[in-house]
Amino acid sequence: MIDRRNFLKYAAKGIAGMSLSFAAIDMLNPKKLFANKSEKSPVRWVFLVDTYKCVGCGMCVKACKKENEIPYDANVTRTWVERYVITKDGKFHADSPKGARDGFITNKIDLGLEGYKDIKNENIRKAFFVPKLCNQCENPPCVQVCPVGATYQAPDGVVLVDRTWCIGCGYCIMACPYGVRFFHPKYRTAEKCNFCYHRITKGLKTACVDACPFGARMIGNSKDPSDPVTKIITTERVEVLKSEYGTKPQVYYIGKDEEVR
Amino acid sequence: MKSHVFRPLWIVIGLVGVVLIARLFYVPKDFGVHERGYMYGWYRKGNIKDWENVKIKYQGSDYCKNCHPDKVESISVTPHAIIQCENCHGPAIDHPSDPPKLTIDRSREQCLRCHYPLPYPTSGRANIRGVDPDTHNPGIECVMCHNPHKPSLEGLK
């Protein structure tokens, strides 16, 4: 015969057990963990940079900061341009003052706290500009390390950050071998270039591609064989940054030199 | 089952249950494993739409041409045709309603972005004519003499 004490005990246990529905332990389902990759996207966004064409005007950086509402005077930017100067004595110098937001309007190399280094034009062996932006890697290390699923790779290859989900731990900023991630000073979440996702998904080019007067930046779809960018990547000599990391970056460079990392 | 060893175990199991139930309500329905698998595709699907809905600010020259065809035409026959209107005039956003007037960047620094002489071999910069800003009429805006929509010397004011 069940007494009142035991009845209440069993009833409480039973209700607790029933309310723990199977949906709650859904995340332990191995079938979903190894989700099938059947939903193939017809688009894979890739980027191409021609460093011969870049003149270091920094219009791309200015446009990017305004288009994507990155605080203009804060020293953070989704894209930037680096200047490389290799002198005849074999030394190499590089700078990117304010990410080249205002271009390069002096021949002095910005060494940060060490001041400026004046290099005479006749001592230059080679010098060029290299725009940098997120490589939207095929194996993005920044996504692997996110403990909460706030950063992820969209089906079209672009790596995005969910600002409502990011806890600001900064693992992704440490994990990126290219240093493209930073904290957004206003939203206080991880921030990165997303190929102007709001523009490319509406058929427009990214703000930096549109702003470049010299055609040094191009964006395309590598799954479309007739795409001009895809044609160049598949038929011409192009290089990626830090291929030794195995991240399979999807920003390709024409005229990348060994000093560029 | 009536053992002091099991008592903390029930508490732990209870706590796990509470967490799982809280998770059921807190985690959005579209959060889960998507196309790129668990390692790269563990996210809230609605966020893709959030990013697609970001406001476009740079509208492009074709947008400008709708109302200012004369200006777009005049610059299109000059070497400055490659420069987008908004590079100097600023992002159009919803102009003319918002903002009603664009702020033009007429600074010397704006011109020097390309016209500061940096004769770097293997860079297109070497092919652009430049001036030394310290000796070429320092202190006054370039547009006082030069017309950016007609940069040749015939366009001098």
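What you see is a predicted model; the values in this text were computed from it and never measured.

If you tally the helices and strands in chain A, you get 8 helices and 12 strands. Expected size for 261 residues packed as a compact globule is a radius of gyration near 18 Å; at 24 Å, chain A overshoots this value by more than 25%. Viewed in the frame of its principal axes, chain A has a C-alpha envelope of about 105 × 45 × 35 Å. The proportion of buried residues among the 261 residues of chain A is 40%. At a minimum sequence separation of 6, the contacts of chain A that also span at least 24 residues come to 61%.

Another aspect to go through is the overall build of chain B. The secondary structure content of chain B amounts to 7 helices and 2 strands. When the helices and strands of chain B are listed from N to C terminus, the series reads α-β-α-β-α-α-α-α-α. Relative to its length of 157 residues, chain B is extended, with a C-alpha radius of gyration of 30 Å against a globular reference of 15 Å. Considering only C-alpha atoms, chain B reaches an extent of 100 × 40 × 30 Å along its principal axes.

Taken residue by residue, a regular strand's side chains alternate between the two faces of the sheet. Residue and element names in this part refer to chain A. Judged from the 4 bridges that link them, strand β2 (residues 80–87) and strand β3 (residues 92–95) form a sheet pairing that is antiparallel. Residue pairing across strands places Ile 86 opposite Phe 92, the latter belonging to β3. Between the antiparallel neighbours β2 and β3 lie 4 residues, among them Gly 90 with a positive phi of about 90°.

Glancing now at unusual backbone geometry. Cis peptide bonds are those with omega within 30 degrees of zero, and the linkage from His 95 of chain B to Pro 96 of chain B qualifies with 15°. Along the polypeptide, Pro 96 of chain B turns up in the loop between α6 (85–89) and α7 (108–115). Positive phi, close to 40°, is recorded for Gln 136 of chain A, a residue that is not glycine. Looking at the secondary structure, you find Gln 136 of chain A in the loop between β6 (124–132) and α4 (141–145). Judged by local crowding, Gln 136 of chain A falls into the buried class, with 26 C-beta atoms found within 10 Å.

The biggest cluster of nonpolar side chains holds 72 residues, and the ones touching the most others in it are Phe 47, Cys 60, Ala 63, Leu 160, Phe 195 and Cys 208 of chain A. Beyond its immediate sequence surroundings of up to four residues, Phe 195 of chain A is in contact with Trp 45, Phe 47, Gln 136, Val 158, Ile 200, Thr 206 and Ile 219 of chain A.

Let's shift gears to the interface of chain B and chain A. With 48 residues of chain B at the contact, the number on the chain A side is 56 residues. The greatest single-element share of the side of chain B that touches chain A, amounting to 5 residues, is contributed by helix α1 (residues 6–26) of chain B.

On to the domain arrangement of chain B. When its domains are assigned, chain B resolves into domain 1 (6–52) and domain 2 (61–155). Distance between the C-alpha centres of domain 1 of chain B and domain 2 of chain B: 52 Å.

Here we take up the sheet that holds strand β11 (residues 217–221) of chain A. All names here are of chain A. Taken together, the 3 strands give an open sheet; going across it, the order is β11-β1-β12, and neighbouring strands pair in mixed fashion. With one partner strand each, in any of the chains shown, β11 and β12 (251–254) form the two edges of the open sheet. Across the sheet, the mean angle from the axis of one strand to that of its neighbour is 25°, orientation sign disregarded. With 4 bridges joining them, strand β1 (residues 45–50) and β12 adopt parallel strand pairing.

Right, let's talk about the sheet that holds β2 of chain A for a bit. Residue and element names in this part refer to chain A. Strand order in the open sheet made by the 3 strands is β3-β2-β6, with antiparallel pairing throughout. This sheet does not close on itself; its edge strands, each paired only once, are β3 and β6. Averaged over all pairs of adjacent strands, the angle between strand axes in this sheet comes to 15°, irrespective of strand direction. Both β2 and β6 contribute to a ladder of 8 bridges, which runs antiparallel. Residue pairing in the sheet places Tyr 84 in a bridge with Phe 128 of β6.

Bringing α7 of chain B into the picture now. The element α7 of chain B is extensively covered by neighbouring structure, given that 6 of its 8 residues are classed as buried. Every buried residue belonging to α7 of chain B is among Gln 110, Cys 111, Leu 112, Arg 113, Cys 114 and His 115 of chain B, and all of these are buried. Contacts from the buried residues of α7 of chain B go to α3 (59–67) of chain A together with α6 of chain B.

Criteria and thresholds
Residues numbered from 1 in each chain as written. Chains lettered and ligands numbered in written order. Predicted model: local features only at pLDDT ≥ 70, side-chain atom pairs only at ≥ 80, totals over all residues. Helix = DSSP H or I, 4+ residues; strand = E, 2+ residues; numbered from the N terminus. Rg over C-alpha atoms; globule rule 2.2 N^0.38 Å. Buried ≥ 20, exposed ≤ 12 C-beta atoms within 10 Å, placed from the backbone. Contact = placed C-beta atoms within 7 Å. Pairing = 2+ DSSP bridges. Core = buried A, V, L, I, M, F, W, Y, C linked by C-beta atoms within 7 Å. Domains from an automatic or database assignment. Axes fitted to C-alpha atoms, helices over the stretch in contact; angles between N-to-C directions.

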